[in-house]
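Spelled out, the chains give:
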Amino acid sequence: MDIILHVWRQKNCHVKGHLETYKVANVSADMSFIEMLDMLNAQLTEKGIEPIAFECDCLEGICGTCSMVINGKPHGPESGTTTCQLHMRKFKDGDHIFVEPWRSKAFPILKDLVVQRSAFDRIMQAGGFVSVNTGGARDANNLLIPKESADLAMDAAQCIGCGACVAACKNGSAMLFVSAKVSQFALLPQGQPEAARRAALMVEAMDNEGFGNCTNTYDCEGVCPKEISADFIAKLNREFIKTKRA
Ligand code: SF4
Ligand code: FES
């Protein structure tokens, strides 16, 4: 099939960007969206045009780097799917496809479709870890954990830190990301001694990075490729309130 791509091109964060149009011919329905972009980049390079800058790494939906807005939706039209796992069979011959970077104050555009997401790293550095002595693997196996808590912790731990939740939110809120990271530890005994402190530090870092507040529109949950539930935001709020009582 042939498709018409409208891609955001921007040299760096100091100059204005614009959409450029490219016709991509002979796209296989079995190609991933990333493979299609690679094919276009090879054609651009042959013509002496600078290839489109975009991020990807694992191509398995686990690293969270392949972040782009496709036809207005972070990661594109398929629910619960990262851009790298989106296939061209989801599009039709002759389709016009608009590809843009994440747009959020806290994620400045570095080039074309690449944004700076180190704000997430700084939030994790503020408290997204367990620093108490949890013993060895055998000790962990001796700790009885209710299956419901273990399952919920694993659900939260699926967050790959892609930032789609922020890109979808009208407030540019990072609450879904932070709530997943806080919850994955707070639900397990090893993470509980520091749970309230962790929530306070990560929320403070989130605010300092310029992310907005949550106003319960649930767009974050709707675009999350790992289908992280907005229920975790309630869990984050409960952990945060504990810090105010302490
Ligand atoms: S909560 Fe979902 S959308 Fe947000 S960073 Fe994690 S995986 Fe990505
Ligand atoms: S390239 Fe790793 S999640 Fe898409």
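Residues numbered from 1 in each chain as written. Chains lettered and ligands numbered in written order. Predicted model: local features only at pLDDT ≥ 70, side-chain atom pairs only at ≥ 80, totals over all residues.

Quick word on the site of ligand 1
Around ligand 1, the structure places 14 residues, and the nearest of them are Cys159, Cys162, Ala164, Cys165 and Cys224. Of all the secondary-structure elements, those providing two or more residues to the shell around ligand 1 are helix H5 (164-168) and helix H6 (175-186). Top contributing element to the shell around ligand 1 by residue count: H6, with three residues. A breakdown of the residues in the shell around ligand 1 according to their chemical character gives eleven nonpolar, two polar and one charged. (Near = placed C-beta within 6 Å. Helix = DSSP H or I, 4+ residues; strand = E, 2+ residues; numbered from the N terminus. Nonpolar A, V, L, I, M, F, W, Y, C, P; charged D, E, K, R; others polar.)

Some details on the environment of Val130
Take Val130: it is sitting in the loop between helix H2 (118-127) and helix H3 (137-142). A C-alpha to C-alpha distance of 9.1 Å links Val130 and Ala195, two positions 65 residues apart in sequence. For Val130, the residues in contact, after removing those within four places along its chain, are Phe185, Gln190, Gly191 and Glu194. (Contact = placed C-beta atoms within 7 Å.)

So, the nonpolar core
One finds Cys165, Val166, Leu176, Phe177, Val178, Met202 and Met206 to be the most contacted residues of the largest nonpolar core, which totals 61 residues. The biggest single contributor to this core is H6, with eight residues. Both domains that furnish three or more residues to this core are identified here as domain 1 (3-111) and domain 2 (118-245). Excluding its chain neighbours within four sequence positions, the residues that come into contact with Leu176 are Cys165, Cys220, Glu221, Cys224, Ile228, Ala230 and Ile233. (Core = buried A, V, L, I, M, F, W, Y, C linked by C-beta atoms within 7 Å. Buried ≥ 20, exposed ≤ 12 C-beta atoms within 10 Å, placed from the backbone. Domains from an automatic or database assignment.)

A look at the packing of H2 against helix H7 (residues 195-208)
The angle between the axes and the distance between the axes are what describe a pair of packed helices. The geometry of H2 relative to H7 is characterised by a closest axis approach of 8 Å and an angle of 155° between their N-to-C directions. Considering the angle they form, H2 stands roughly antiparallel to H7. Where H2 crosses over H7, the two elements pack in a sense that is right-handed. Counted together, Arg122, Ile123, Ala126 and Gly127 of H2 and Arg197, Arg198, Leu201, Met202, Glu204, Ala205 and Met206 of H7 form the full contact between these two elements. (Axes fitted to C-alpha atoms, helices over the stretch in contact; angles between N-to-C directions. Parallel < 35°, antiparallel > 145°, perpendicular 65-115°, else oblique. Left-handed = near helix turned anticlockwise from the far one by under 90°.)

Notes on the domain arrangement of the protein
Each domain of the protein was delimited in the assignment, giving domain 1 (3-111) and domain 2 (118-245). Each of domain 1 and domain 2 was reduced to a C-alpha centroid, and the two centroids are 29 Å apart. With 18 residues of domain 1 at the contact, the number on the domain 2 side is 16 residues. For the side of domain 1 that touches domain 2, the per-class residue count stands at seven nonpolar, eight polar and three charged.

What about the sheet that holds strand E3 (residues 69-70)?
Ordered in space as E2-E1-E5-E3-E4, the five strands form an open sheet in which the pairing is mixed. Single-partner strands in this sheet number two, and they are strand E2 (18-24) and strand E4 (73-74). Relative to E4, E3 is paired through two bridges, and the arrangement is antiparallel. Looking across to E4, one finds that Ile70 is bridged to Lys73. (Pairing = 2+ DSSP bridges.)

Looking at the pairing of E2
Counting buried residues in E2 gives zero out of seven residues, a small share hidden from the surface. As defined by bridge partners, strand E1 (residues 3-9) adjoins E2 across seven bridges and the pair is classed as antiparallel. Paired with Ile3 across the bridge in E2 is Val24.

Thoughts on unusual backbone geometry
For Leu59, which is not glycine, the phi dihedral falls at a positive 60°. By the element assignment, Leu59 lies in the loop between helix H1 (33-46) and E3.

Examining the pairing of E1
Bridge count between E1 and strand E5 (residues 96-100): four bridges; the pairing is parallel. Bridge assignment links Leu5 to a residue of E5, and that residue is Ile97.

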